[in-house]
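# Architecture and fold: a report
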Amino acid sequence: SVGQIAGGIAHDFNNLLTVISGNQELLAMRLTNGKELDLLRRAQEAAEMGARLTGRLLRFARRGPIKVARLDLNALLRGMTDFLQRAVGETIVLSTELEPSLWNIEADASEIENAIINLVLNARDAMPGGGRLRIETANVSGASDRVRLSVKDSGVGMTADVALRAFE
């Protein structure tokens, strides 16, 4: 039943996003001011993020497949930075150190976004009085080349009880 509710919410949300995106496209044809166009671009990115959220809800409802594609992780992170800063609040300093020539990965963008959001929100919760949060990417050479995404914070860490259940 939870899956059915999630599927219904995703369907309704997708209908709203269709109206929002359509109006954004019409507005884009009329705007000429650089600042206004930048604001519209941010709104369009937020609508796209909402569409990916809809995809996650549909997958949860078992209605949507995972869509693996070639992905520029740095570009994804750059597109999320403003959202992540708002999510952590003003008392946490968010910084990034992104490998300039980071290799592309094969992944579902929605799943990667979801993982990053969860890591960042967990870090925020570990720093109730504020602190520092750093997101880094790096290429890792070896037997099998891969990309590393690191989320580091100055939080209090997990208690022993929480650490035992971390992977439940």
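Presented here is a report on the structure given in the accompanying data block. All of these numbers come straight from a predicted model, not from anything done at the bench.

### Re the layout of surface pockets
Roughly 360 Å³ of internal volume is contained in the largest pocket. Lining the largest pocket are 16 residues, and of these Arg42, Glu45, Ala46, Met49 and Gly79 sit closest to its centre. Looking at the lining of the largest pocket, the elements with two or more residues in it are helix 2 (34-60) and helix 3 (73-88). No other element matches the eight residues that helix 3 contributes to the lining of the largest pocket. Grouping the constituent residues of the lining of the largest pocket by class yields six nonpolar, one polar and nine charged.

### Some remarks on the sheet that holds strand 2 (residues 92-97)
Pairing is mixed in the open sheet, where three strands are placed in the order 2-4-5. A single partner strand is all that each edge strand has here, and the edge strands are strand 2 and strand 5 (146-153). Strand after strand, the sheet turns through a mean of 10° between neighbouring axes, direction not considered. Pairing of strand 4 (residues 131-140) with strand 5 involves eight bridges; the strand directions are antiparallel. The residue bridging Val140 from the neighbouring strand is Arg146, located in strand 5. Strands in contact with helix 3 are strand 2, strand 4 and strand 5; relative to strand 4, the strand with the most contacts, it is inclined by about 170°.

### Points about the nonpolar core
By size, the foremost hydrophobic cluster in this structure holds 20 residues, and its most contacted members are Leu73, Met80, Leu84, Ile116, Val120 and Leu133. Tallying contributions element by element places helix 3 first for this core, with six residues. Beyond its immediate sequence surroundings of up to four residues, Met80 is in contact with Met49, Glu113, Ile116 and Ile117.

### A few points about the packing of helix 3 against helix 4 (residues 109-125)
At their nearest, the axes of helix 3 and helix 4 sit 11 Å apart, and the two run at 35° to each other. Helix 3 and helix 4 meet at a crossing whose hand is right-handed. Taken together, the residues of helix 4 that come into contact with helix 3 (itself represented by Leu73, Leu76, Leu77, Met80, Phe83, Leu84, Ala87 and Val88) are Ala109, Ile112, Glu113, Ile116, Ile117, Val120, Leu121 and Arg124. In the contact of helix 3 with helix 4, the residues fall into 14 nonpolar, no polar and two charged.

### Some points on the pattern of salt bridges
Summed over the entire model, instances satisfying the criterion amount to nine salt bridges. Measuring nitrogen to oxygen at the nearest pair gives 4.0 Å for the salt bridge that ties Asp82 to Arg42. Of this pair, Asp82 sits in helix 3 while Arg42 sits in helix 2, and the two are 40 residues apart along the sequence. You can call Asp82 partly exposed: its relative accessible area is 39%.

### Digging into helix 4
Between its first and last C-alpha atoms helix 4 spans 24 Å; for 17 residues at 1.5 Å apiece the expected length is 24 Å, and the two agree. Turning to helix 4, its buried residues number three or more, namely Ser110, Glu113, Ile116, Ile117, Val120 and Ala123. Projected down its long axis, helix 4 shows its buried positions confined to an angular sector of 155°, all on one face. Away from the buried face of helix 4 by more than 90 degrees, exposed residues Asn122 and Asp125 are located. Here helix 4 starts with a cap whose side-chain oxygen sits 2.8 Å from the backbone nitrogen of Ser110, and that cap is Asp108.

The rules behind these values
Residues numbered from 1 in each chain as written. Predicted model: local features only at pLDDT ≥ 70, side-chain atom pairs only at ≥ 80, totals over all residues. Heavy atoms only, no water. 1 Å grid on protein atoms, 1.4 Å probe; cavity = no way out; pocket = protein on both sides within 12 Å on 5 of 7 lines; lining within 4 Å. Points joined across faces, edges and corners; volume = space filled by probe spheres on them. Helix = DSSP H or I, 4+ residues; strand = E, 2+ residues; numbered from the N terminus. Nonpolar A, V, L, I, M, F, W, Y, C, P; charged D, E, K, R; others polar. Pairing = 2+ DSSP bridges. Axes fitted to C-alpha atoms, helices over the stretch in contact; angles between N-to-C directions. Contact = heavy atoms within 4.5 Å. Core = buried A, V, L, I, M, F, W, Y, C linked by side-chain atoms within 4.5 Å. Buried < 20%, exposed > 50% of the residue type's maximum accessible area, 1.4 Å probe, protein only. Left-handed = near helix turned anticlockwise from the far one by under 90°. Salt bridge = Lys/Arg side-chain N within 4 Å of Asp/Glu carboxyl O. Expected span 1.5 Å × (residues − 1). Arc of directions from axis to C-beta. Polar contact = N/O pair within 3.5 Å; in protein donor to acceptor, adjacent residues only side chain to side chain.

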